[in-house]
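# Report on the structure
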Amino acid sequence: MDTASVVIIGGGIIGCSIAYHLAARGCRDVVVIEKNLFEGAENSSLSAGGVRHQFASEVNARMSQYAITRFEHFKDEMDADIEFHQDGYLFMATSEAQMASFDDQLALWARLGIPVERYSPADIAARVPGISLDGLVGGTFCAKDGFVDPHAIFSAYAKKARELGVTFRFQTQATGIRRTGDKLTGVQTTAGSIATETVVDAAGPLAPAVAKWFGVDVPVRPYRRQILTTMPFDRLPKELPMVVDMGTGLYFRLETGALLIGMVNRDEPSSFNTAVDRPFADHVIMTALERYPLLEEAQMGRSWAGLYDVSPDHHAILGPVDGAPGLILATGFSGHGIMHSPAVGDNLASLILTGTSPIDLSGLRLERFARGEAFAESQVI
Ligand SMILES: Cc1cc2nc3c(=O)[nH]c(=O)nc-3n(C[C@H](O)[C@H](O)[C@H](O)COP(=O)(O)OP(=O)(O)OC[C@H]3O[C@@H](n4cnc5c(N)ncnc54)[C@H](O)[C@@H]3O)c2cc1C
């Protein structure tokens, strides 16, 4: 039987980042199990690539600060261009209550040293020419936010991890664990077993199924999210922030001369369905046309759907679990997994190897739900 210090189940951006950071910290005896043919083949390839400081909770904002600094220096560290466009994120409020919540968050961001401006409707019009101000009360704008190419990130993490000695087993599915008493002794896969005392559950929306092998109930559920794109068209400005309408849940940003558009269907129940919902896509287009009328001149392009792995408080669930020796959770990213991947990878690697991490992750452990210590992240799309 093969052996590994750490087996990571899931070769998405989170599994790749944890693998790289373990190896960079000297733990190279790591195996990543991925059921697809290559890394990042599922939700990590389907995201909008948005990266932002503007979170309502301190731990999420700190994870973003940590991650964005790493993205800014990614080329030097990883020798890969992740096309980090720091064109900003504009959150827009359509009610006084939403604006009051932005004001609370502005105080948090100021305390953390995150440069976010409070915007009037006139500021919004100046930042996004052609936008309809209908119903808008105001907003917030952070020029250091933006978007990245997720593919470049997970490919770079996987490549460097491999160079440092990590093994990736593709087209291999983890199917169970081996235990002696309570002690974890290995992982079973469709290509044989691997002896290990540490398993990282980075299986995305399938993370609860992996945790079940340990007798652990992880309250993460899959929710479909879809993205539409236009064909390139001339009337778009050369620069545009990620624009988020918190009233409708609509967001859009530039994508190589075209527009990438997303919106959450707040009425849709949890499921593993990843087919594009055409009637909802029509609703998204109508909503986008109302907010950004110059879209009238656009032709629609590709569309796709993937899954968010959503936790009850929209925070990730990270770290070891009481009563489940050997299990480390890395799931529940609730739509933030791309932007937080460097922070999750480095901090979890540190936690696994030393028992402590640069960012205190204790508040993100699974036990917070049983203890009634969950704290909601309200700035979610
Ligand atoms: C439409 C959409 C837009 C998004 N926009 C953003 C955004 O703007 N910014 C942002 O930060 N995030 C965004 N996200 C969220 C982001 O994509 C996820 O948080 C991130 O990809 C999670 O990465 P992961 O590695 O945990 O999961 P995944 O990418 O799902 O990877 C999990 C992997 O585990 C593998 N696996 C599962 N079970 C097993 C098993 N038993 N054996 C072997 N392999 C297994 C799967 O094959 C999969 O490859 C978006 C997501 C969607 C769908």
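Residues numbered from 1 in each chain as written. Predicted model: local features only at pLDDT ≥ 70, side-chain atom pairs only at ≥ 80, totals over all residues. Heavy atoms only, no water.

### Describing the site of the ligand
The immediate surroundings of the ligand are formed by 36 residues, with E34, N43, S44, G50 and M339 found nearest. In the environment of the ligand, a nitrogen atom lies 2.9 Å from a nitrogen or oxygen atom belonging to the backbone of A174. Between the ligand and the protein, one listed contact pairs an oxygen atom with a backbone N or O atom of I338 at 3.0 Å. Alone, the ligand offers 1,000 Å² of accessible surface; in the complex the protein occludes 98% of this. Breaking the shell around the ligand down by element, the ones donating at least two residues are helix 1 (13-24), strand 14 (221-230) and strand 18 (300-310). (Near = heavy atom within 4 Å. Polar contact = N/O pair within 3.5 Å; in protein donor to acceptor, adjacent residues only side chain to side chain. Areas by Shrake-Rupley, 256 points an atom, 1.4 Å probe, with all protein chains shown as cover. Helix = DSSP H or I, 4+ residues; strand = E, 2+ residues; numbered from the N terminus.)

### With respect to the sheet that holds strand 20 (residues 327-331)
Ordered in space as 9-3-2-13-20-19, the six strands form an open sheet in which the pairing is mixed. Looking at which strands have only one partner, the edges of the open sheet turn out to be strand 9 (167-169) and strand 19 (317-320). Strand-to-strand, the axes of this sheet are offset by a mean angle of 20°, without reference to chain direction. Direction of pairing for strand 3 (residues 30-33) relative to strand 9: parallel, over a ladder of three bridges. Residue pairing in the sheet places V32 in a bridge with F168 of strand 9. (Pairing = 2+ DSSP bridges. Axes fitted to C-alpha atoms, helices over the stretch in contact; angles between N-to-C directions.)

### Quick look at the side chain of S132
Its place among the elements puts S132 in the loop between helix 5 (121-127) and strand 7 (138-142). Looking at S132, the relative accessible area reads 17%, which means it is buried. Within the local environment of S132, its side chain forms a polar contact with the backbone nitrogen of D134, the two atoms lying 3.2 Å apart. The residues touching S132, leaving out its near neighbours within four places in the chain, are E290, R291 and P293. (Buried < 20%, exposed > 50% of the residue type's maximum accessible area, 1.4 Å probe, protein only. Contact = heavy atoms within 4.5 Å.)

### Focus: unusual backbone geometry
Despite not being glycine, H314 shows a phi value in the positive range, around 60°. Along the polypeptide, H314 turns up in the loop between strand 18 and strand 19. Residue class for H314 comes out partly exposed when judged on its relative accessible area of 25%. A positive phi angle, close to 55°, is found at S334, a residue other than glycine. Relative to the helices and strands, S334 resides in the loop between strand 20 and helix 9 (341-354). What makes S334 buried here is its relative accessible area of 2%.

### Section: the pattern of salt bridges
Side chains bearing opposite charge may pair, as long as their charged atoms lie close to each other. Scanning the entire structure with this criterion turns up 21 salt bridges. For D277, the salt bridge is made with R224, and the minimal N-O distance between the two is 3.5 Å. On the criterion of sequence distance, the pair formed by D277 in the loop between strand 17 (258-263) and helix 8 (278-291) and R224 in strand 14 is long-range, its members being 53 residues apart. Side by side, D277 and R224 carry an identical accessibility label, which is buried. Across the pair R235 and E297 runs a salt bridge whose closest N-O atoms are separated by 2.7 Å. One end of the pair, R235, is in the loop between strand 14 and strand 15 (242-245); the other, E297, is in the loop between helix 8 and strand 18, and 62 residues separate them in sequence. When salt bridges with common partners are traced through the structure, they connect D322, R365, E367, R371 and E373 into a single cluster. (Salt bridge = Lys/Arg side-chain N within 4 Å of Asp/Glu carboxyl O.)

### Regarding the domain arrangement of the protein
Here the protein is partitioned into domain 1 (2-48 + 151-220 + 312-370) and domain 2 (86-144 + 221-310). One C-alpha centre belongs to domain 1, the other to domain 2, and the line joining them spans 31 Å. Contact with domain 1, which involves 18 residues of that partner, is made by 15 residues of domain 2. Summed over both sides, the interface between domain 1 and domain 2 buries roughly 1,300 Å², with carbon and sulfur atoms accounting for 57% of that surface. For the pair domain 1 and domain 2, the interface holds seven residue pairs in polar contact (both at pLDDT 80 or more). When grouped by side-chain class, the residues that make up the side of domain 1 that touches domain 2 number 10 nonpolar, eight polar and no charged. (Domains from an automatic or database assignment. Buried area = accessible area lost by both parts, 1.4 Å probe. Nonpolar A, V, L, I, M, F, W, Y, C, P; charged D, E, K, R; others polar.)

### A closer look at helix 8
Two residues of an α-helix separated by three or four positions point the same way, owing to the 3.6 residues in each turn. In a regular helix each residue adds 1.5 Å, so 14 residues correspond to 20 Å; helix 8 covers 20 Å between its end C-alpha atoms and thus fits that length. The set of residues buried in helix 8 consists of F280, A281, V284, T287, A288 and R291. Viewed end-on, helix 8 has its buried residues packed into an arc of 120°, placing them on one side of the element. Summarising the geometry of helix 8, the exposed residues directed more than 90 degrees from the buried face are P279 and E290. In this structure D277 caps helix 8, since a side-chain oxygen of it lies 3.2 Å from the backbone nitrogen of F280. (Expected span 1.5 Å × (residues − 1). Arc of directions from axis to C-beta.)

### As for the environment of A67
Examined against the element boundaries, A67 turns out to sit in helix 2 (residues 58-72). Under the relative-accessibility criterion, A67 is labelled buried at 0%. Remark: the alpha-carbon pair of A67 and Y157, spanning 90 residues in sequence, is separated by 14 Å. Leaving out residues up to four positions away in the same chain, A67 has contacts with M339, H340, P342 and A343.

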